[in-house]
Amino acid sequence: MGFDAQRLALPGVRGLQAYQPGKPVSELQRELGLEQVIKLASNENPLGCSAQVPQALQSCLAALAIYPDGAGFELREALAHHHGVAMEQVTLGNGSNDLLEIIAHTFLAHEHAAVVAQYAFAIYGLVVRAIGAELMVVPARDHGHDLAGMAAAITAQTRIVFIANPNNPTGSCLSQMQLRDFMRSLPEHVVVVLDEAYLEYADEGGVDPVTWLAEFPALIICRTFSKAYGLAALRVGYALSSPAIADLLNRVRQPFNVSSLGLVAARAALADQDFVARSRQVNAAGKLQLQRGLQDLGLSVLPSQGNFLCVDLGRPAQAVYNALLARGVIVRPLAGYDLPQHLRISIGLATDNETCLRALAEVLV
Ligand SMILES: *Cc1c(COP(=O)(O)O)cnc(C)c1O
């Protein structure tokens, strides 16, 4: 018997399926020889990012040989100031996905369990199972989190509960009142990860870190610069927590997990809240346009508090996804989420939304 990598891998890793990202524009252009391609598949900001960002990045270009500030001092200081928390409560990540992994490695071993909701963001399950810890998946309620069910799934082995609010890919959102009641009901041996990647688009916004972290020492709030701030390429996210949790995360974190470009760009982006407000407005208008267009096609759309819509085609979605690709429109199939009849469509600029709706109308006849 020769070398067998599969046999050597951890059992948890052997059973994993790699995360399926949205298809890159360049890949579809290469495959089909198409020039015009629109991508509404990765919940990226169609406005790009703040004009302050490219300007700020100029200052980095002369120092590419130098390691980044491993403590991310200036960005953490700016985030602490922005949220009214102490710098010691801010942990930076190479995107918030990095933080999800750091948190899992900080609190989970193979004898532990984590609780997630059915249809919740796929990365939670990946990081938990890679460690070999048990993943408890609680059936969804209205395609969202069933908090009572999740509380009931907690055992002595549970160390983490992951909550995406709003949730990707379904767009569901819990009210702060529901979340607060849930937090108050929890035993003291579990940490709650509240992933607020889309808070800027949600009607209620995110939780107030100052009051929530004061009341709930086991809470970790994760946020990202990838969505409303439009910096997905640069990979910057952050966690807000108690200083004690941040201290632990900092031990597990790679020392230079955020690049110099990411640090500088995020600080410039944070300072331009007008851009975030504009992104929210453009998203709200695009959401109405797409919702109406999809409903006019006779499709049912889940209510969404994010920058994407989850639409039920009432038939297998893969063929529709492929037919849209052939027309140069990239959206996201959700078979990997056990939603084989749904597509997730990111909300774009009006022209791209229109192109997508027109392609969908052709495909669905
Ligand atoms: C996009 C997304 C993130 C952010 O990922 P980054 O690593 O920060 O780019 C986190 N959580 C959810 C639910 C998301 O959809």
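Scoring rules and cut-offs
- Numbering of residues starts from 1 in each chain and follows the order in which that chain's sequence is written.
- Only residues with pLDDT of at least 70 are given local features in this predicted model, and only at 80 or more are side-chain atom pairs given and counted; all residues enter the totals for whole chains, interfaces and linings.
- With hydrogens and water excluded, all non-hydrogen atoms of the structure serve as input to the side-chain values.
- The criterion for a residue being near a molecule or strand is simple. One of its heavy atoms has to lie within 4 Å of it.
- What qualifies as a polar contact is a pair of N or O atoms within 3.5 Å, subject to a donor-acceptor requirement within protein and to the restriction that residues adjacent in sequence count only when both atoms come from side chains.
- Computed with a 1.4 Å probe, the accessible areas rest on the Shrake-Rupley method; for each residue, only the protein chains presented here act as cover.
- Using a grid of 1 Å spacing that covers the protein atoms alone, one calls a set of points a cavity when a 1.4 Å probe fits there but cannot get out, and a pocket when the set is open and has protein on both sides within 12 Å along at least five of seven lines; lining residues are those with an atom within 4 Å of a point.
- Molecules are considered to sit inside a cavity or pocket once more than half of their atoms lie within 2 Å of its grid points.
- For the purposes of this entry, the term helix denotes a DSSP run of H or I that reaches at least four residues, the term strand denotes a run of E that reaches at least two, and both are numbered from the N terminus.
- Every residue pair with non-hydrogen atoms within 4.5 Å of one another is taken to be in contact.
- Two strands qualify as a pair provided DSSP detects at least 2 bridges between them.
- What counts as an axis is a line fitted to C-alpha atoms, over the stretch in contact for a helix, and the angles between N-to-C directions run from 0 to 180 degrees.
- What counts as a ring pair is set by centres within 6.5 Å for rings of Phe, Tyr and Trp (its six-membered ring), and what kind of pair is set by the plane angle: stacked under 30 degrees, edge-to-face over 60, tilted for all other angles.
- Residue burial is assigned from relative accessible area. The probe radius is 1.4 Å, only protein chains are included, and a residue is buried under 20% of its type maximum, exposed over 50%, and partly exposed in between.
- The rule is short: NZ of Lys or CZ of Arg within 6 Å of the ring centre and within 35 degrees of the ring normal puts a charge over the ring.
- Throughout, the edges of the domains are those of an automatic or database domain assignment.
- Once two parts are brought into contact, the accessible area they lose, counted with a 1.4 Å probe and summed over both, makes up the buried area.
- A carboxyl oxygen of Asp or Glu within 4 Å of a side-chain nitrogen of Lys or Arg is what we treat as a salt bridge.
- Ten residue types, Ala, Val, Leu, Ile, Met, Phe, Trp, Tyr, Cys and Pro, are classed as nonpolar, four, Asp, Glu, Lys and Arg, as charged, and the remainder, Gly among them, as polar.

## Digging into the site of the ligand
Now for step 1: Close to the ligand lie Gly95, Ser96, Asn97, Phe121, Asn168, Asp195, Ala197, Tyr198, Thr224, Ser226, Lys227 and Arg235.
Now for step 2: Between the ligand and the protein, one listed contact pairs an oxygen atom with a side-chain N or O atom of Arg235 at 2.7 Å.
Now for step 3: Protein contacts shield 94% of the accessible area of the ligand, which totals 380 Å² for the unbound molecule.
Now for step 4: Most atoms of the ligand, that is more than half of them, are within 2 Å of grid points of the second largest pocket.

## What about the environment of Phe275?
Now for step 1: Along the chain, Phe275 falls in helix 13 (residues 273–296).
Now for step 2: Distance from Phe275 to Arg327, taken between C-alpha atoms, is 32 Å for residues 52 residues apart in sequence.
Now for step 3: Non-local contacts of Phe275, meaning those with residues more than four positions away in its chain, are made with Asn45, Leu47, Gly48, Cys49, Ser50, Ala228 and Tyr229.

## A word on the sheet that holds strand 9 (residues 300–301)
Now for step 1: On the basis of which strands lie adjacent, the open sheet formed by 4 strands has the order 9-10-13-12 and antiparallel pairing. With partners counted over all chains shown, the strands left at the sheet margins are strand 9 and strand 12 (332–334), one partner each.
Now for step 2: Here 5 bridges tie strand 10 (residues 308–312) to strand 13 (residues 339–346), and the two strands are oriented antiparallel to one another. When the bridges of strand 13 are listed, Cys310 appears paired with Arg344.
Now for step 3: Packing of helix 14 (residues 317–326) onto the sheet brings it into contact with strand 12 and strand 13, and relative to strand 13 it is tilted by some 35°.

## With respect to the packing of aromatic side chains
Now for step 1: Considering all chains together, one arrives at 8 aromatic pairs under this definition.
Now for step 2: Pairing Phe121 with Tyr124 gives two aromatic rings, centres 5.6 Å apart and planes at 80°, and the pair type is edge-to-face.
Now for step 3: For Phe121, a relative accessible area of 12% translates into the label buried.
Now for step 4: For Tyr124, a relative accessible area of 1% corresponds to the buried category.
Now for step 5: Ring centres of Tyr124 and Phe162 lie 4.8 Å apart, and the angle between their planes is 10°; on these two criteria the pair is classed as stacked. With Tyr124 in helix 7 (residues 122–131) and Phe162 in strand 5 (residues 158–164), the pair connects residues that are 38 residues apart, well separated along the chain.
Now for step 6: Judged by relative accessible area, Phe162 falls into the buried class, the value being 0%.
Now for step 7: Counting every residue linked through ring pairs, the aromatic cluster contains Tyr19, Phe121, Tyr124 and Phe162.
Now for step 8: For Arg344, the ring lying beneath its charged end belongs to Phe308, and the centroid distance is 5.9 Å.

## A closer look at the side chain of Ser50
Now for step 1: Note on placement: Ser50 falls in the loop between strand 1 (38–39) and helix 4 (52–57).
Now for step 2: A distance of 3.0 Å separates the side chain of Ser50 from the backbone nitrogen of Gln52, its partner in a polar contact.
Now for step 3: Residues contacting Ser50, with those up to four places away along its chain left out, are Asp272 and Phe275.

## Let's talk about the domain arrangement of the protein
Now for step 1: Examined at the domain level, the protein breaks down into domain 1 (21–48 + 274–363) and domain 2 (53–271).
Now for step 2: Placing a centre on the C-alpha atoms of domain 1 and another on those of domain 2 gives a separation of 26 Å.
Now for step 3: At the interface, 23 residues of domain 1 touch 23 residues of domain 2.
Now for step 4: Buried surface at the junction of domain 1 and domain 2, summed over both partners, amounts to about 1,900 Å²; 59% is from carbon and sulfur atoms.
Now for step 5: On the domain 1 side of the contact with domain 2, Val276, Gln305 and Tyr337 bury the most area, a combined 36% of that side's loss.
Now for step 6: Where domain 1 meets domain 2, there are 0 salt bridges.
Now for step 7: At the boundary of domain 1 with domain 2, the tally comes to 7 residue pairs in polar contact (both at pLDDT 80 or more).
Now for step 8: For the side of domain 1 that touches domain 2, the elements supplying multiple residues, two or more each, are helix 13, strand 10 and strand 13.
Now for step 9: Per element, the largest residue contribution to the side of domain 1 that touches domain 2 is 5 residues, and it comes from helix 13.
Now for step 10: When the residues that make up the side of domain 1 that touches domain 2 are grouped by side-chain class, the tally is 9 nonpolar, 11 polar and 3 charged.

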